[in-house]
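Architecture at a glance
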Amino acid sequence: MEGQYQLGTLEFTLNDIRNDRPGLREKLLRAKLKKIYPHCQCTDPQPQVVIAELNGDLHLRGFPRRGHFHDRGCEHYRPDPAGSAASLYEPAIKVREDGGVDYKLAFSLSVKKGESERTVTTPAGRAPGTKRGAIGLLGLLHDLWMRADLDSYDPALKRRRGWDLRWGSEVAKMLGQEVAESTFGRRGNDKLLVVGQGGENAVTGTDWKTFRAALIPSGTEAPLGLVIGLVKELGPSKFGGVLDLEFGKERLWMDRQVFESLGRSFKTELAMLKEQDPLRDQKWEAIQALMEKNPEPMQALNEVWPGEVVAIALVKLSSTDKISVVKMALMATSRQFVPVDSLYERDVAHALADQDRRFTKPLRYDEGRDITLPDFLLSDTEQTTPMEIYGVSGNADYEARKAVKRATYLTAGQHCWEWTPAEEKTWPAFPAKSFKK
Ligand SMILES: [Zn+2]
């Protein structure tokens, strides 16, 4: 069923927006400016939705963290964020009345002269399950991802938009919109650059130049900045490592300590980049063909492209005027930009998308494996179905967590879809869809 919305006495559908019903666009733009929100009529009480603008087109998206107030058949429905690590970070993530967010970061965005930036980025020790007063790099990336609705795959959204998500024209812009509505303590959002969001600016490098200028030390203080970008290539350099981002105007350099820590913490991401390696020439040729208005090579590449890796980096200007990485986190995603923790999860995410299923990835923020979460939640079944991929075998800790998970689902009377790759080469069939959308 087509979604129905209400704004004061005005009633409209998404089709009305798409077909440019006379006067509607102006009214919605005015409401957006005044921060008045339409109500979705899927259920009672009617949840609010946010008017968003992307590439000149208006669309509606769910209010951050309130997707579970929509009817389960509504396309704005999302599982309760209490089911992800997000709920642990309430003190660090303050959602404002207008839907924007104030973050308290677990690292400083400036260092005093003579002070090491590493000392201001060390997270305090914390017990599992206790509330987090501050958010780290990966946590921040995950939260922005969730706010931009990128933690879910929804075939209805894809059909409506009529495109596959691309970093430059869509994903970076969606993240950029969220960043524009965020603050970081005393620091404004000009300290965070989403590389590639600026359209023309990204091509000319204006965004990059402005960001770089903000990193120039003044007096006794050296500013740090945050960069979010799509990894094009990551490899060793003479003194450590070097990172190339899509649309990046400069390379990001890192010392040996930072580079080697990536190998320990982000094995899935590095494996994904390795799978991309043999396809890089083909990608370059596909981009060239696309510019000559031939989409076929890109469509062929999309069939085999292993997935994406996104980086979030805390950076500074080095003494040799290079952009240097103080600390970095990586995040692997499916081809549709849904985050994944393993290549098994990636394969399942691709199969779910191929079958037009609607699912969400509960995000771990900075908790890593310390928090017990399902790998995916399938939300187009009669009841939300947790999905578990037991990819590790013969590890006692892992086996213990697996037993706890199984017992929890059993107690809750919840059917869980499971796949153990060591026992079955291909995954079992997914549970049947109950929402025909
Ligand atoms: Zn709704």
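Note that the structure is predicted; figures quoted are calculated from it, not measured. (Residues numbered from 1 in each chain as written. Predicted model: local features only at pLDDT ≥ 70, side-chain atom pairs only at ≥ 80, totals over all residues. Heavy atoms only, no water.)

**A closer look at empty space enclosed by the protein**
A complete count under the given rule lists five cavities of 30 Å³ or more for this structure. The calculated volume of the largest cavity comes to roughly 260 Å³. In this structure, the largest cavity is lined by 23 residues; those nearest its centre are Arg65, Arg78, Pro79, Met146 and Asp151. Counting contributing residues, the lining of the largest cavity receives three or more from each of domain 1 (1-77) and domain 2 (356-419). (1 Å grid on protein atoms, 1.4 Å probe; cavity = no way out; pocket = protein on both sides within 12 Å on 5 of 7 lines; lining within 4 Å. Points joined across faces, edges and corners; volume = space filled by probe spheres on them. Domains from an automatic or database assignment.)

**Describing the coordination of the zinc ion**
On the protein side, the zinc ion has Cys40 (SG), Cys42 (SG), His70 (ND1) and Cys74 (SG) as donor atoms, found 2.1 to 2.4 Å from it. The site at the zinc ion holds four donor atoms, and with the angles between them running 104 to 114 degrees, its shape is tetrahedral. Donor residues for the zinc ion sit on one chain with the sequence pattern C-x1-C-x27-H-x3-C. Judged by relative accessible area, which is 2%, Cys40 ranks as buried. (Donors = N, O, S within 2.8 Å, 3.2 Å for Na, K, Ca; no water. Tetrahedral: all angles 85-135°; square planar, octahedral: opposite > 155°, others 65-115°. Buried < 20%, exposed > 50% of the residue type's maximum accessible area, 1.4 Å probe, protein only.)

**As for helix H2 (residues 24-33)**
Where H2 is concerned, the buried positions are Leu24, Leu28 and Ala31. Around the axis of H2, the buried residues are gathered within 60 degrees of arc, so they sit on the same side. At its buried positions, H2 is contacted by strand S1 (4-7), strand S2 (10-13), helix H1 (14-18), strand S4 (49-54) and strand S5 (57-62). (Helix = DSSP H or I, 4+ residues; strand = E, 2+ residues; numbered from the N terminus. Arc of directions from axis to C-beta. Contact = heavy atoms within 4.5 Å.)

**Here we look at the environment of Leu105**
Residue placement: Leu105 occurs in the loop between strand S7 (101-103) and strand S8 (110-112). Here the alpha-carbon distance between Leu105 and Phe63, two residues 42 residues apart in the chain, equals 23 Å. Among residues more than four places away in sequence, those in contact with Leu105 are Ala134, Ile135, Leu140, Phe184 and Leu226.

**So, the nonpolar core**
Within the largest apolar cluster, 90 residues are counted, with the highest numbers of intra-cluster contacts made by Trp145, Trp167, Leu175 and Met328. Those residues in contact with Trp145, other than ones at most four positions away along the chain, are Leu150, Asp151, Trp167, Val171, Leu175, Val310, Met331, Thr333, Phe337, Pro339 and Leu363. Counting 15 residues, the second-largest nonpolar core is a separate cluster that includes Tyr5, Leu10, Leu24 and Cys74. (Core = buried A, V, L, I, M, F, W, Y, C linked by side-chain atoms within 4.5 Å.)

**Things to note about the domain arrangement of the protein chain**
Along its sequence, the protein chain is carved into domain 1 (1-77) and domain 2 (356-419). Taken over C-alpha atoms, the centre of domain 1 sits 32 Å from the centre of domain 2. Listed as interface residues are five residues of domain 1 and, on the opposing side, seven residues of domain 2. Between domain 1 and domain 2 lies a buried interface of about 370 Å² when both sides are counted; carbon and sulfur atoms form 17% of it. It is Arg65, Arg72 and Tyr77 that lose the most area in domain 1 upon contact with domain 2, and together they represent 89% of the buried surface on that side. Between domain 1 and domain 2 we count zero salt bridges in total. At the surface where domain 1 touches domain 2, the tally comes to six residue pairs in polar contact (both at pLDDT 80 or more). The residue makeup of the side of domain 1 that touches domain 2, split by class, is two nonpolar, no polar and three charged. (Buried area = accessible area lost by both parts, 1.4 Å probe. Salt bridge = Lys/Arg side-chain N within 4 Å of Asp/Glu carboxyl O. Polar contact = N/O pair within 3.5 Å; in protein donor to acceptor, adjacent residues only side chain to side chain. Nonpolar A, V, L, I, M, F, W, Y, C, P; charged D, E, K, R; others polar.)

**Digging into the pattern of salt bridges**
This model, assessed by the stated rule, comprises 19 salt bridges. Measuring nitrogen to oxygen at the nearest pair gives 2.6 Å for the salt bridge that ties Glu250 to Arg212. Remark: Arg212 occurs in helix H7 (residues 206-213) and Glu250 occurs in the loop between strand S14 (240-245) and strand S15 (252-255); sequence separation between them is 38 residues. Residue class for Arg212 comes out buried when judged on its relative accessible area of 18%. The partner of Lys405 in a salt bridge is Glu388, with the nearest N and O atoms 2.8 Å apart. Taken together, the positions of Lys405 in helix H13 (residues 396-411) and Glu388 in strand S20 (residues 385-389) put the pair 17 residues apart, joining distant regions of the chain. In terms of burial, Lys405 and Glu388 fall into one category: buried. In this structure, a network of salt bridges that share partners links the residues Asp341, Glu345, Lys361 and Arg364.

**Considering H13**
Look at H13: 23 Å from first C-alpha to last across 16 residues, which is about the 22 Å you get at 1.5 Å a residue. When H13 is considered as a whole, its buried residues turn out to be Tyr398, Lys402, Lys405 and Tyr409. Seen along its axis, H13 keeps its buried residues to an arc of 65 degrees; they face one direction. Opposite the packed face of H13, turned more than 90 degrees from it, sit the exposed residues Ala396, Asp397, Leu410 and Thr411. On the buried face of H13, the contacting elements are S20. Its side-chain oxygen 3.0 Å from the backbone nitrogen of Asp397, Asn395 forms the N-cap of H13. (Expected span 1.5 Å × (residues − 1).)

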